[in-house]
Amino acid sequence: MLRPCRLLLWQVALRVSYHVVTASTSLCRGGSDIFASVQENSPTGQFISSINIAADPGANAIRLCLSGDNADWFYLDGRTIRLNSSVTKVLDREVLGSILVAELICYEDDVIQSRYRLLVEILNENDNQPKFLQETIQPFTVSELTAVNSVVFTVKAIDEDGDMISYIIDQSSPDAWFFRVDLPNSGSIVLDKALDYETRTHLKIILWAQESNTKEKFNTSAVLNINIKDGDDQYPHFLPCTPVSPGVPVCMNPTYTTNITQKHQVRSVFQDVVLEFSPGPIRAEDGDRGIDAPLIYSILSGEDQGRFVINNRTGEIRLTRPVDDRRQMPNFTLNVMVCQVDDRLKYSVASVLVRVLYENTFPPVFNRTTFKGFIIQSSSPASIVSTYGNKVLQVRATDRDFSDGLNPNVHYFLHPPSGLYQVTQGGVLIARTNRLNAFDRHILQVVARDEESGEEISASVDVEVLQRGQTVPRAAFTEQPLFGDVDSRLAGGIAATLLLMFLSLILFLLLRTVRRRRLQEPGDRSSVEKRPGAVNPPGFMDEYSTRAFSRHFESSSQMGSFHGRQGVYTRRLSSATTGQSADRTRTQLPASPERCLFQLDLFTVTEAPEHHAWETLRSPDSTEAPPTTDITETNDETSQKDEDQSEDTTGESEKPH
């Protein structure tokens, strides 16, 4: 009873660890070790191998089980062995290794009858990309003195699939032309071009690692930063630095200049004078900016027995004693050297020019602030600008420090520079005539600079461009209009039109004034005619008519509406206010050879001779109207007659009765 229980418990324990398959006893015989292979990342149930044990139907039941470290990757399915994988349990060669080892055991009546080895090779699959080792792609520091064609650094990438890797520099990176790869599989980077710290202090390239023995050609990239270390390979140079050519770190040393005037010499007790130079103080710097080695200054030649001394740390030059005779020593030329303290072979030399001048008392001046210039349009590439009278325009400054007023050290230039004009050192303006247009006007500024004292003065030049064939004005007050033949005719036509318009305006104003006067006068005048039916004795008529005419003439003269000789008149108001002054009725009088008819401003006056009696103009009882005569005279004739009548009337009124 105990034995069956023990067997039951043993079988349960075995089933926990092994896969048990019952078979006939004959299966434990005739077997052999199993060698198989499976592809990496294969799915579950993948066939591994079959079991080669002969079958014996009459044999008792047996058991088969798998054991070993990798036995859980397999399971028994009848007489086959299959892969035991899952989604979370992937067959990965890079993790498990290339071989899976297990053991197939055959039990018969709980007695091991045979053992067979199970060796399964995991076939590699290209499922991984190359990876750079981080310690090999960190920023590098390379000295600028590194020799060309030498290996500057080495990179390393790995592929877990064990594929062969080659290294390539990406030529699209900005600094790829500094390096190259001679052996693609080595990872060694070779310097292909000399480095220069003064030109570039930092480089950057892109490096690729790529599989070379697979069809997938998986790859990866990394950015490499290279810092350039400054090396002591440059010489000192004086400032300001003028490069020999763009991109070349070689400087042309400047020439320092200064002037010594009499104020440096006329002193009872001479003291050292610090000289100021142009284009700046004497100063140098190490060509290796990253090192900036200390420098030392010295005077190689030209110190004139200690007249000039230099501060070997700052480069400052002092004048220790005055010049004895300027005529003998007008200039001093010094050669100043600067070198590195730690390497005297690295040096540079500059020239220093000291000029001895008389004291500058007066600055240069122009005789006027604005100059007038003319240039005639032409196809010539260059012409001289002239002034009034067709004389050459010369813009020159005078200096009272010189007896003739001409300072040879004065330099002329245009500010700002012009592409159409240039000024010579004689103050003459030259124009590019073929680029100028007629009637153009340009305002230029000419600057005169004393190169010794640095004083500057400026003046303006007003340049007018004349058209072809036009003459230059003789003087400022007789300057001719800047018009040609065609423009003169046009200007004449415009002037004639304006004059005609002006005369028309004057005539219109005169006519309007006359019309206004005529409209105002009829309102103040009275229509005068003889009273019909009045018969008076001749004697009485003469006396009465004389007095009446005198009084009536005075009254009419005051009102400005009556003129005539003596006679009997009646007065009636005018109807000018009705607006029908143009249709006034004229008084018809009988025609007579001894009578004079005249019209005075729209009303008729009948005048009788002095030695004839007055006649009745029209009888009230008469049925026939006497013949009428209308006489219209001009204003001038009427005015003349009025004056004659006024004189006659005045004379008669003064006679005694």
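Before reading further, recall that the structure is shown in the block above.
Residues numbered from 1 in each chain as written. Predicted model: local features only at pLDDT ≥ 70, side-chain atom pairs only at ≥ 80, totals over all residues. Heavy atoms only, no water.

All right, on to the nonpolar core then. Membership of the largest hydrophobic core comes to 26 residues, with the highest contact counts inside it found for F132, F153, V155, F179, L224 and I226. At the level of secondary structure, the elements contributing two or more residues to this core comprise β10 (140–143), β11 (151–154), β13 (165–169), β15 (188–191), β16 (202–211) and β17 (219–229). Setting aside residues no more than four positions away along its own chain, F179 makes contact with V152, F153, I169, I189, V190, L191, D192, L203, I205 and I226. By size, the runner-up hydrophobic cluster in this structure holds 24 residues, among which are V38, A71, A102 and C106. (Core = buried A, V, L, I, M, F, W, Y, C linked by side-chain atoms within 4.5 Å. Buried < 20%, exposed > 50% of the residue type's maximum accessible area, 1.4 Å probe, protein only. Helix = DSSP H or I, 4+ residues; strand = E, 2+ residues; numbered from the N terminus. Contact = heavy atoms within 4.5 Å.)

Turning our attention to a negative patch on the surface. A cluster of acidic residues, E125, D127, E160 and E216, forms a negative patch on the protein surface. Mapped onto the fold, E216 is located in the loop between β16 and β17. (Patch = residues over 30% accessible without salt bridge, like charges linked within 9 Å, V, L, I, M, F, W, Y side chains within 5 Å. Areas by Shrake-Rupley, 256 points an atom, 1.4 Å probe, with all protein chains shown as cover. Salt bridge = Lys/Arg side-chain N within 4 Å of Asp/Glu carboxyl O. Lys, Arg positive; Asp, Glu negative; His and termini not counted. Charge placed at Lys NZ, Arg CZ, Asp CG, Glu CD.)

The subject of this paragraph is the environment of D399. By secondary structure assignment, the location of D399 is in the loop between β34 (397–398) and β35 (410–414). Between the alpha carbons of D399 and N360 there is a distance of 9.7 Å; along the sequence they are 39 residues apart. Other than its neighbours up to four places away in sequence, D399 contacts F362, P363, P364, G405, N407 and D450. A distance of 2.9 Å separates the side chain of D399 from the side chain of N407, its partner in a polar contact. (Polar contact = N/O pair within 3.5 Å; in protein donor to acceptor, adjacent residues only side chain to side chain.)

The final tally for this structure, using the stated rule, is eight aromatic pairs. For the ring pair F132 and Y167, a centre distance of 6.3 Å and an interplane angle of 45 degrees mean the geometry is tilted. One end of the pair, F132, is in strand β9 (residues 131–132); the other, Y167, is in strand β13, and 35 residues separate them in sequence. Each ring, one from F238 and one from Y256, has its centre 6.2 Å from the other, and the planes form 70 degrees; the classification is edge-to-face. Taken together, the residues span a long stretch of sequence, with F238 in strand β18 (residues 237–238) and Y256 in strand β21 (residues 255–260) at a distance of 18 residues. Accessibility expressed as a relative area gives 0% for F238, which makes it buried. The exposure class of Y256 is buried, given its relative accessible area of 0%. In this structure an aromatic cluster arises from ring pairing among F140, F153 and F179. (Phe/Tyr/Trp six-rings, centres within 6.5 Å; stacked < 30°, edge-to-face > 60°.)

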